[in-house]
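# Chains, contacts and geometry: an overview
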Amino acid sequence: GQQLNQSPQSMFIQEGEDVSMNCTSSSIFNTWLWYKQDPGEGPVLLIALYKAGELTSNGRLTAQFGITRKDSFLNISASIPSDVGIYFCAGRSNYGGSQGNLIFGKGTKLSVKP
Amino acid sequence: SQTIHQWPATLVQPVGSPLSLECTVEGTSNPNLYWYRQAAGRGLQLLFYSVGIGQISSEVPQNLSASRPQDRQFILSSKKLLLSDSGFYLCAWQSSFRSNEQFFGPGTRLTVL
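The structure contained in this document is the topic of the report that follows. (Residues numbered from 1 in each chain as written. Chains lettered and ligands numbered in written order. Predicted model: local features only at pLDDT ≥ 70, side-chain atom pairs only at ≥ 80, totals over all residues. Heavy atoms only, no water.)

Residue and element names in this part refer to chain B. Spatially, the four strands line up as an open sheet ordered S1-S3-S8-S7, and their pairing is antiparallel. For this open sheet the edge positions go to strand S1 (3-7) and strand S7 (65-70), each flanked by a neighbour on one side alone. Put simply, the sheet's adjacent strands are angled 20 degrees from each other on average, direction ignored. With six bridges joining them, strand S3 (residues 19-26) and strand S8 (residues 73-78) adopt antiparallel strand pairing. Bridging across to S8, Leu-19 finds its partner in Ser-78. (Pairing = 2+ DSSP bridges. Helix = DSSP H or I, 4+ residues; strand = E, 2+ residues; numbered from the N terminus. Axes fitted to C-alpha atoms, helices over the stretch in contact; angles between N-to-C directions.)

What follows is the structure, encoded as structure tokens:
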């Protein structure tokens, strides 16, 4: 079946540092989504990507849809304490099982030291 | 604008008791609806999804069931809870007409003792 590998699993950084995380899939995706989840809450959609090579920003966040269509990257610039949380990638393929449902990465837990 | 509600927010139930979690969506029609379970704050496991009233697809065999009695209502149930049913349950909706974006509710924290 399709798999999504998200890395790193966790990050401990100093406030003000830039953050980078990525996801790779075993198959080609036509959609990449990035979510952030605060403790005890539901994930919130940050960025949606639909084209290979697409680069999209949302404030200090920038995400890219990889050229191979098998990966995506999320960068956070100048991190602040409220960036703390778990970041999930999710992708969708029209091929394979689950009738094109979203597949989620296992998440990157971000901790920011003031 | 669209909003999604889940209740209750938290629930503590004894093993063997029944379960009913409710999810409702406002501001959209004929959404695709999803139930996910999240264990230990990491990873989302798709449990059920529905593309219309009365239509349910199950992703994994388990002790739970789902129903969609109305267009914007999705219910997760169990007749007898197990310890392993503990977790954070998330409902999500997606437009059936466009985009692949799913939007999540606030979640229900279920603890089975």
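Additional details are given in the paragraphs that follow.
Turning our attention to the state of the cysteines. All names here are of chain A. All chains considered together, the criterion is met by two disulfides over all chains. Each sulfur of the disulfide joining Cys-23 and Cys-89 lies 1.8 Å from the other. Classification of the bridge connecting Cys-23 and Cys-89 rests on its S-S torsion, roughly -85 degrees, and on that basis the disulfide is left-handed. One end of the pair, Cys-23, is in strand S3 (residues 19-25); the other, Cys-89, is in strand S9 (residues 85-92), with 66 residues separating them in the sequence. (Disulfide = S-S within 2.5 Å.)

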